Amino acid sequence: MSVEEFQPRIIGFLCNWCSYAGADMAGTSRMTYPSNVRIIRLPCSGRVNPMIIFKAFQQGADGVMVSGCHPGDCHYVDGNYYARRRLAMLEPFLEYLGIEKGRFQLEWVSASEGKKWSQVVARFTDTVKSLGPRGKI
Amino acid sequence: MPRVGVFLCHCGTNIAGVVDIPTVAEAVKQFPGVVYVDDNKFSCSEPGQAAIRQSIIDNGLDRVVISACSPRMHEITFRKAVSAAGLNPYLMEIANIREHCSWVHSDNKEAATEKAIELVKMAVAKVSLHQELFRKRISMEKKALVIGGGIAGIQAALDIANAGHQVILVEREPTIGGRMAQLDKTFPTLDCSACILSPKMVDVSQHPNIRLLTYSEVEKVQGFVGNFEVEIRQRARYVNHTTCTGCGICWQKCPEKVPGEFEEGTGQRTSVYIPFPQAVPSKPVIDTVSCRYFKYLDFIDKKMEGKKPPPCRICEKLCPPQAIDWEQKDEIIRETVGAIVVATGFKTFDHSVYGEYGGGRIPDVITSLQLERLMNASGPTLGEVVRPSDGTHPKTVVFLSCVGSRDEAKGRPYCSKICCMYMAKQALMLKEHDPGVQSYIFYIDIRAGGKDFEEFTRRAQEEFGVLYLRGRVSKIYQDDKKLMVCGEDSLIGRPVEIAADMVVLATGVEPSEGAAKVAQTLNISYDTYGFMVEAHPKLRPVETNTDGILVAGACVGPRDIPDSVAHGGAAAAKVIGLLSQDTLTTEPLTAAIDASRCTGCLLCSQICPFQAIDMVPANGKSIAVVNEGLCKGCGLCVAACRSTAPSLKGYTDAQILSEVLALCP
Amino acid sequence: MAVSYAYYPGCTLKTSAREFDESTLKVCKAAGIELTELADWNCCGASSAHSVSPLLGLSLPARDLQTAEALGKPVAVACAMCFHRLKHASHALGDAAKLKQVNQVLGKEFRNTVKVEHLLTILGSNGSSYQVTKKLEGLKAASYYGCVLVRPKEVMELDDEDNPQLMDRIVASLGAETVEWDFKTECCGASLPLSKPEVVVNLSHKILRQARQRGAECVVVACPMCHSNLDIRQKAMKAAYPGFQEMPVYYFTQLMGLAMGFSAAEMHIDKHLTDGLSLLKSKGFI
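Numbers given to residues run from 1 along each chain, matching the order in which its sequence is written. Whichever chain is written first becomes A and whichever ligand is written first becomes 1, with later ones labelled in order. pLDDT decides what is reported in this predicted model: residues at 70 or higher carry local features, side-chain atom pairs at 80 or more are listed and counted, and totals for whole chains, interfaces and linings draw on all residues regardless. By convention in this description, side-chain values take in all heavy atoms of the structure and omit both hydrogens and water.

Participant: What is the right way to look at helix α11 (residues 368–375) of chain B in this model?
Facilitator: An α-helix turns once per 3.6 residues; consequently, residues spaced three or four apart project the same way. Residue and element names in this part refer to chain B. Here's how the labels work: a residue is buried when its accessible area is under 20% of the maximum for its type, exposed when over 50%, partly exposed in between, all with a 1.4 Å probe on protein chains only. Under the scheme used here, helices are H or I runs from DSSP no shorter than 4 residues and strands are E runs no shorter than 2 residues, and both carry numbers assigned from the N terminus. Of all 8 residues in α11, 8 are buried, a share of seventy percent or more. Restricting attention to buried positions, one finds in α11 the residues Ser368, Leu369, Gln370, Leu371, Glu372, Arg373, Leu374 and Met375. Structurally, α11 contributes buried residues whose contacts are with β8 (185–186), β19 (346–348), β20 (365–367), β21 (396–403), α12 (419–433) and β27 (502–507). Here, two residues are considered to be in contact whenever any of their heavy atoms come within 4.5 Å of each other.

Right, dumping it as structure tokens:
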């Protein structure tokens with residue numbers, strides 16, 4: 001890895017019950033993936049308030065990811081459905097603010113999908129890398 | 001300014017082999033509020049925990065960050081350690097630098113170290129905003145409600161009652177017993193079903209700790225574990241069960257006959273009836289739909305035209321203790337219980353969607369449960385197996401497996417689990433009833449997993465000469481008195497045609513009528529078919545995601561009698577565990593609503609999956625208040641509120657933002 | 001108000017099943033249903049085109065459908081096999097890529113907006129009003145739909161696959177009695193009479209035998225291929241199955257015509273190989 005290569009700053013908001021556990025699973029299975037993502041643990045993807053995502057971008061995050069339980073599997077019955085709707089509404093807003101498509105991603109990773117988590121991170125890191133640095137708004 | 005202590009765990013070489021701990025320690029010292037940094041080989045070990053405790057006391061720490069493995073691993077361990085040093089256990093935060101860092105970035109130690117520093121930085125920022133939180137104690141009502149009086153519900157009720165707790169057993173039908181009561185014999189032991197079930201039913205009715213409410217349904221449930229407020233509708237029976245002696249004169253003399261539900265339509269019952277002779281309670285109810293007097297009343301009431309039905313009332317005239325009460329009304333019974341067991345059981349698939357099997361139009365194509373009634377000594381034919389069309393004894397009987405199971409096209413892709421075994425049982429018993437009977441079974445696979453199950457299906461084939469044909473049936477048609485069954489024997493690869501006298505459809509298992517409504521009343525989840533969803537399919541098979549509500553038996557999925565009994569017992573064990581406590585402690589990581597910001601829009605209470613938000617009047621308006629007993633701390637209300645009135649303890653906006661800001665200053 | 005359709009007769013109705021064609025035209029006219037024969041129609045492709053070339057199998061019916069679409073009229077079909085191919089084409093061409101391909105073959109723009117209806121639906125719907133002047137009382141008939149008319153259900157959109165009722169309702173409206181039986185949609189042997197005649201004789205015999213067993217005196221059909229198998233093969237059945245009793249096979253439109261006052265000759269009942277006149281005479285209908 002060259003020193004000059006751009007290393008994006010990515011924040012991941014993960015629900016405690018599926019995706020955070022899935023990321024743990026990637027660890028226990030010793031899968032390796034790019035180190036750019038910093039995980040913030042939340043009880044549910046439905047806890048994610050769009051304001052927090054705006055703030056992350058405003059503060060200079062290059063990419064933001066939200067990951068929850070698969071639809072239908074929410075620990076809190078239907079929190080991820082609210083997340084899905086709310087964040088689907090958010091995407092066009094982000095573009096309106098000049099944040100390119102691809103810098104925000106919503107994912108479903110279950111507690112057993114360590115492999116999927118590592119793939120999701122690798123792919124998202126690549127995408128954000130290709131979009132280049134953003135800087136503060 | 002908080003005094004934060006940071007403890008860096010090496011986890012042997014698990015962390016320290018990748019993350020450069022001294023570099024992290026140096027960096028952490030610079031973070032605002034950090035007054036103490038230490039590292040340890042194994043923080044979770046007793047010496048590691050002792051070091052944490054001592055450091056908290058020696059350095060006057062009031063916030064702790066432990067940089068170690070996943071909080072899903074040791075959060076509780078470290079909360080206890082912090083608590084032992086006299087600190088509130090919720091003033092601690094874990095930075096996950098093992099699962100999320102050293103283990104997944106072993107290919108780049110430099111980057112891993114850098115990431116570890118940032119993860120600790122986030123935790124330091126967040127912990128600084130932590131508040132002291134306290135678990136609350138709530139009282140426990142030492143009484144349980146069991147919904148459904150089949151074998152699973154009966155077992156659960158008896159186990160709880162035997163442990164010394166009060167139980168209310170609610171059953172929708174006029175008797176308990178459920179599906180098992182309809183069966184003749186049980187596989188693979190061929191025990192007489194009634195002989196092993198009836199004593200349990202009697203135990204229920206005589207148990208001092210059980211209050212049995214039959215002909216009743218749960219209408220409303222509010223509250224939370226320890227204190228569920230339950231409303232039960234006791235439907236009017238029009239027979240006073242206090243004075244009724246169960247002598248039976250009314251149902252012997254009632255002139256109105258209708259197809260009996262318990263007999264699956266193979267026999268009849270009267271309008272005033274008990275479903276079967278061993279019913280518990282053995283006192284009748286009057287079915288208002290078929291009763292002549294009720295028809296008469298309806299005729300008068302609606303001023304209908306035509307022939308007036310007779311105002312019969314024969315039961316009333318003949319009843320020795322005068323227990324018939326036409327004025328009886330539905331009664332609402334209110335109870336408070338600490339825990340609830342849902343055991344609403346199953347029904348069999350309605351095969352009329354299978355047009356190729358006659359769509360329910362061919363009289364001698366019957367269901368397995370109908371055959372069970374025909375074989376039963378106390379059934380409508382007193383145990384004589386006869387064809388519904390002409391009353392003759394069938395000599396060639398064909399069984400069709402998987403009717404409404406393993407069939408995507410009919411919306412039932414799952415295996416009903418019990419059919420392979422009961423077909424083998426019924427085929428074997430037909431031969432016992434009449435040695436001249438030849439049975440054929442069309443099957444997809446013989447699923448005989450279970451103690452003595454495989455041996456049993458072998459016995460049916462080898463000793464009783466039941467012929468198994470691997471394949472599906474494409475058509476059944478009537479040819480004179482015979483039923484022609486056209487199918488395929490896929491093992492010889494040829495179409496086969498059998499001239500049968502009777503065809504038995506092994507109809508699959510589906511949730512009882514109204515199971516989804518019960519789930520909605522209790523606010524527990526159910527799947528696309530209407531089966532209840534357990535909290536974890538393997539590790540929490542009788543719990544639901546709502547504390548204090550348990551599930552048992554075939555309402556969760558197809559299962560046989562031994563499994564249902566085990567399941568009922570397991571649910572009872574959980575209930576007994578709960579009821580043995582005098583109080584419960586609640587997790588304090590709940591939502592709280594700032595009354596001054598609440599506009600009373602109700603959005604949060606509509607979104608809340610646990611109905612944990614109540615509306616209370618305050619200053620001339622209604623505002624939302626969180627019921628901490630019900631709140632699970634998901635935070636949906638926080639994200640939904642337009643005026644940011646709710647916040648989630650432990651995950652406030654400020655705390656989440658502090659983590660973001662720690663990363664992107 | 002007269003209902004107007006583009007009528008697609010198909011090859012068989014112009015050759016071996018002329019009685020179906022003519023009875024259809026007469027009955028519809030009398031019932032106020034306007035059928036205008038589709039100009040320059042071509043074969044629907046049954047029953048070989050689609051097994052040789054899927055594209056040809058779609059293009060042939062699509063050409064006919066396109067002509068009707070240009071007229072702005074729904075298509076009326078009497079033959080079960082033609083109905084099957086036309087319905088199949090309009091279902092399959094819901095796929096835009098296929099439609100594009102077919103349009104390249106046609107050299108015209110077909111938008112696949114035209115509705116295809118079978119006469120059973122047209123005559124059996126509430127909108128149609130035919131006057132029954134001579135009730136066929138005392139006639140016991142078995143309505144036989146055949147396999148292609150109703151299957152697959154989601155494509156044909158006509159009636160139940162195992163126990164359809166459309167034809168039964170029409171026959172009952174004529175005053176005749178229909179029997180409940182299990183062979184309404186069984187296969188008659190279809191196009192096998194040339195290559196494997198014994199299969200056709202066997203299958204068709206089963207159908208007629210059950211109809212007889214359930215008390216039917218005749219079979220009523222809506223498919224020229226079923227008609228030919230059931231009607232023509234009765235001599236062979238007699239040879240193969242001793243005790244077999246002959247049974248007349250009518251098109252439902254023929255019985256409709258009779259009940260509406262047309263003569264047996266106008267309905268060409270004398271055109272069948274198995275005697276269809278004696279039964280009707282014995283009942284006093286002709």
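Participant: Would you mind showing me how to read the domain arrangement of chain C here?
Facilitator: Frequently, the measure chosen for interface size is the accessible area that the parts lose on association. Residues and elements named next belong to chain C. What marks off one domain from the next here is an automatic or database domain assignment. By the assigned domains, chain C splits into domain 1 (3–121) and domain 2 (131–282). Between domain 1 and domain 2, the C-alpha centre-to-centre distance is 24 Å. Facing the 26 residues of domain 1 at the interface are 30 residues of domain 2. Overall, the association of domain 1 and domain 2 removes approximately 2300 Å² of surface from exposure, summing both partners, and the carbon and sulfur fraction of that is 78%. When a carboxyl oxygen of Asp or Glu is within 4 Å of a side-chain nitrogen of Lys or Arg, the pair counts as a salt bridge. Put simply, domain 1 and domain 2 have 1 salt bridge between them. For the salt bridge of Glu157 with Lys87, the shortest nitrogen-to-oxygen distance reads 2.8 Å. Any pair of nitrogen or oxygen atoms within 3.5 Å is treated as a polar contact; in protein, a donor-acceptor pairing is required on top of that, and neighbouring residues in sequence qualify only through side-chain atoms on both sides. Applying the counting rule to domain 1 against domain 2 returns 7 residue pairs in polar contact (both at pLDDT 80 or more). The element best represented in the side of domain 1 that touches domain 2 is helix α2 (residues 18–30), accounting for 8 residues. For any pair of parts, buried area is found by adding up, for both, the accessible area (1.4 Å probe) each one loses once the two are put together.

Participant: Even after reading the chapter, I still don't get the sheet that holds strand β3 (residues 63–68) of chain B, so can you show me in this structure?
Facilitator: Consider a sheet: its strands pair through backbone hydrogen bonds, and that pairing is either parallel or antiparallel. All names here are of chain B. Read from one edge of the open sheet, 4 strands run β2-β1-β3-β4, paired in parallel fashion. In the strand order of this sheet, the two ends are held by β2 (34–40) and β4 (92–96), each with one partner. The average undirected angle you get between the axes of adjacent strands in this sheet is 20 degrees. The pairing of strand β1 (residues 4–9) with β2 spans 6 bridges and is parallel. Directly across from Val6, in β2, lies its bridge partner Val37. Axes, fitted as lines to C-alpha atoms, cover a helix only where it is in contact. Angles between the N-to-C directions of the axes lie from 0 to 180 degrees. Packed onto the sheet, helix α3 (residues 71–84) meets β3 and β4 and runs at close to 150 degrees relative to β4. A pair of strands is labelled paired if DSSP reports no fewer than 2 bridges between them.

Participant: Can you help me understand the nonpolar core in this one?
Facilitator: One recurring pattern in soluble globular proteins: nonpolar side chains tend to sit buried together. Throughout this description, the term nonpolar core refers to a set of buried Ala, Val, Leu, Ile, Met, Phe, Trp, Tyr and Cys residues connected via side-chain atoms within 4.5 Å. Formed by 133 residues in total, the largest nonpolar core has its most connected members in Phe13 of chain A together with Val6 of chain B. Among the elements that line this core, the one with the most residues is helix α5 (residues 109–128) of chain B, at 9 residues. Among residues more than four places away in sequence, those in contact with Phe13 of chain A are Ile40, Leu42, Val48, Ile52, Val64, Met65, Val66 and Ser67 of chain A together with Ile656 and Val660 of chain B. One finds Val102, Val116, Leu120 and Cys188 of chain C within the second-largest nonpolar core, a separate group that totals 99 residues.

Participant: What should I look at first to understand the interface of chain B and chain C in this one?
Facilitator: With 11 residues of chain B at the interface, the matching set in chain C holds 11 residues. Between chain B and chain C the total buried area reaches about 940 Å² when both faces are included, carbon and sulfur atoms providing 33% of it. Put simply, chain B and chain C have 4 salt bridges between them. One salt bridge in this structure joins Lys475 of chain B and Glu186 of chain C, with 3.5 Å as the shortest N-O distance. On inspection of chain B and its partner chain C, the count reaches 9 residue pairs in polar contact (both at pLDDT 80 or more). No other element matches the 5 residues that strand β24 (residues 473–479) of chain B contributes to the side of chain B that touches chain C. The nonpolar class holds Ala, Val, Leu, Ile, Met, Phe, Trp, Tyr, Cys and Pro. Asp, Glu, Lys and Arg form the charged class, and all remaining residues, Gly among them, are polar. Residue classes in the side of chain B that touches chain C are distributed as 3 nonpolar, 2 polar and 6 charged.

Participant: Help me understand the packing of aromatic side chains, please; the structure alone is not making it clear to me.
Facilitator: What characterises a pair of aromatic rings is the spacing of the ring centres plus the angle enclosed by the ring planes. Only centres within 6.5 Å qualify two rings of Phe, Tyr or Trp (six-membered ring in Trp) as a pair; their planes then separate them into stacked at under 30 degrees, edge-to-face at over 60, and tilted for everything else. This structure, assessed with the given rule, holds 21 aromatic pairs over all chains. With 5.8 Å between their ring centres and 55 degrees between their planes, Phe7 of chain B and Tyr36 of chain B make a pair best called tilted. Here Phe7 of chain B, found in strand β1, pairs with Tyr36 of chain B, found in strand β2; they are 29 residues apart in sequence, far enough to count as distant. Look at Phe20 of chain C and Tyr251 of chain C: their rings are 4.2 Å apart centre to centre, the planes differ by 5 degrees, and that puts the pair in the stacked class.

Participant: Explanation requested: the state of the cysteines in the structure shown.
Facilitator: Two cysteines joined by a covalent bond between their sulfur atoms form a disulfide. Throughout, disulfides are identified as pairs of cysteine sulfur atoms within 2.5 Å of each other. For the coordinates displayed, the defined rule picks out 2 disulfides over all chains. Between the sulfur atoms of Cys192 of chain B and its disulfide partner Cys195 of chain B the distance amounts to 2.3 Å. Taking the sign of the S-S torsion, about 85 degrees here, the bridge from Cys192 of chain B to Cys195 of chain B comes out right-handed. Left unpaired, Cys291 of chain B is separated from the closest cysteine sulfur, that of Cys315 of chain B, by 6.2 Å. Cys291 of chain B sits in the buried class, given a relative accessible area of 8%. Distance from the sulfur of Cys11 of chain C, which forms no disulfide, to the nearest cysteine sulfur (Cys43 of chain C) is 4.0 Å.

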